[in-house]
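Per-entry structural report
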Amino acid sequence: MATTGSGAAAPASHATSIGWTRADMARRVARDIGRGWTVNLGIGIPTLVADHLPAERCVTLHSENGILGVGPKPESDPDPWIINAGKEVVTVVPGASYIHHADSFAIIRGGHIDLSVMGAFEVASNGDLANWATDLNRAPAVGGAMDLAVGARKLWVMMEHVTRAGEPRLVAACRYPLTASAVVTRVYTDLATLDVTPDGFVALEMAPGLSLEALQSRTGTPVRSPSE
Amino acid sequence: MLAQCGGYVPLGYRGAGCMTVSAGATDLPPSIGRARFCTDIGEALAGVRDAMSVMIGGFGAVGQPDALIEGLIDTGVTDLTIIANNAGAGRIGLARLLELGRVRRVICSYPRSPGSVVFEELYEAGNIELEIVPQGTLSERMRAAGAGIPAFFTPTAAGTSIAEGKEVRRFNGRECILETALHADLALIEAWHADAAGNLTYRASGRNFNPVMATAAELVVAQVHHVERNGFLNPEAVVTPGLFVDRIIEIGA
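Predicted model, so just to flag it, every value in this text is computed and none were measured.

Under the defined criterion, the tally for this structure stands at six aromatic pairs over all chains. When the ring of A:Trp81 is compared with that of B:Trp192, the centres are 5.5 Å apart and the planes differ by 75 degrees; the resulting orientation is edge-to-face. Of this pair, A:Trp81 sits in the loop between strand 3 (67-71) and strand 4 (91-98) while B:Trp192 sits in strand 9 (residues 184-194), on two different chains. Take A:Trp81: its relative accessible area is 2%, and that puts it in the buried class. Three or more aromatic residues joined by ring pairs form one cluster here, namely A:Trp37, A:Trp156 and A:Tyr188. We note A:Arg175 situated over the ring of A:Tyr176; from NZ or CZ to the ring centre the distance is 6.0 Å.

A separate point is the sheet that holds strand 6 (residues 151-154) of chain B. All names here are of chain B. Taken in spatial order, the three strands line up as 6-8-7 in an open sheet, and their pairing is antiparallel. Of all strands in the sheet, those bounded by a partner on one side alone are strand 6 and strand 7 (168-171). Across the sheet, the mean angle separating the axes of adjacent strands is 40 degrees when strand polarity is ignored. Taken together, the four bridges between strand 6 and strand 8 (residues 174-180) define a ladder with antiparallel strand orientation. Opposite Phe153, over in strand 8, you have Leu178 as the bridge partner. The sheet contacts of helix 5 (residues 135-147) involve strand 6 and strand 8, and relative to strand 6 the element is tilted by about 150 degrees.

Before going further, it helps to examine the sheet that holds strand 10 (residues 186-188) of chain A. All names here are of chain A. The ten strands are arranged 4-3-2-1-5-8-10-11-12-13 in an open sheet whose pairing can be described as mixed. Edge positions in the sheet fall to strand 4 and strand 13 (223-224), since each of these pairs with one other strand and no more. Pairing geometry for strand 3 and strand 4, over four bridges, is antiparallel. Bridge pairing in strand 4 places Val70 opposite Val92.

Procedures and definitions
- Residues numbered from 1 in each chain as written.
- Chains lettered and ligands numbered in written order.
- Predicted model: local features only at pLDDT ≥ 70, side-chain atom pairs only at ≥ 80, totals over all residues.
- Heavy atoms only, no water.
- Phe/Tyr/Trp six-rings, centres within 6.5 Å; stacked < 30°, edge-to-face > 60°.
- Helix = DSSP H or I, 4+ residues; strand = E, 2+ residues; numbered from the N terminus.
- Buried < 20%, exposed > 50% of the residue type's maximum accessible area, 1.4 Å probe, protein only.
- Lys NZ or Arg CZ within 6 Å of the ring centre and 35° of its normal.
- Pairing = 2+ DSSP bridges.
- Axes fitted to C-alpha atoms, helices over the stretch in contact; angles between N-to-C directions.
- Contact = heavy atoms within 4.5 Å.

Coordinates in, geometry out; function isn't part of it.
Structure follows, in structure tokens:
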């Protein structure tokens, strides 16, 4: 499970009301998911993406506990045998299959997942990901985050741009324990959509009313605009 | 035409009633393979001993062999190593086994989850050992054990704290770490349907770790919801062939 604290974090408090909502962020991610992709959505904000994927996009959702073809939450008659990685009762879509754990992670580790979307505590400008532990002295829980981070063909992160205390989550080097090195290719925050490039973060898009300078002031490492 | 699977039974069987062996246990078909039908939990767990390593199937509560866990508690064995995805929730089942002080070491991917109060208390007090394993590495280590592969390299966890002390090699330009096969003395699993050959099917996401654990342990005990009494499971539908299964107990359905 790609569980992170970001899922529980309240939206960052900004001096202004500038910024996208979580639904906006989910819509934005959904727009970039290609037709026919197989996608694993992590716990927290990433699960919201499922609500914005049109059926004609033919996206297959994978849940690492053994479902290929996850459907929405049941409207009635929930079957407690059908749960997702967050242990929520879900449904399966026509054409779905059940798989055991070794096969489910062969799908992940064998490079058969087109995209993994995860929450994170921090992402570094080289694509390093920290999303599994903040303090290794407390009982840690890694789940499938490390497998997804190295196994998925693309790894996108969805998270609030800064912590509740206002500290940047996009950093020069992660302070928290790493989940994987140089794996994140794109980050969707409430303030911007950024690509991870050999030259660091490039802001593809910013929330309406936000200047690059204002975005930079909330980011712990240089952010470039695509034209630079 | 081979007999069809029985109807769905809601999870209401869990809880106090889960120890009840079904009334039909006396009409079990004669076992024809390695697997033997047991008529009570004590028989299913005969021979368990202190200091065993025990794989326990399930992902959260789904596919978890609750009756066998309760039975394991009742045997009184201690100093166990538990290999499972989670480390129990609430104060029942696996959490109760931990709370009773019967577990020396836990090998799992996600010990801290909602309700895992017992594990967290034990861990923070230094009263339990934890080996944290990424979920895919955990299932692959079991698969390797079952397939006779002593160790394998994987990029999962390379460069992280989990890689500390592990051999590192680069393959195709990518850093990988050496992970070893994970065997157990005993696997407790839950399946949906069994037949007289010991073949098993599972239900929905209750499959999870159960089939791979069945390949990786010396003694494999399955609690099943239904035993097929009118023939055999469709060979096309069998997930775990009976050769992996030692003992089967049908739980009240």
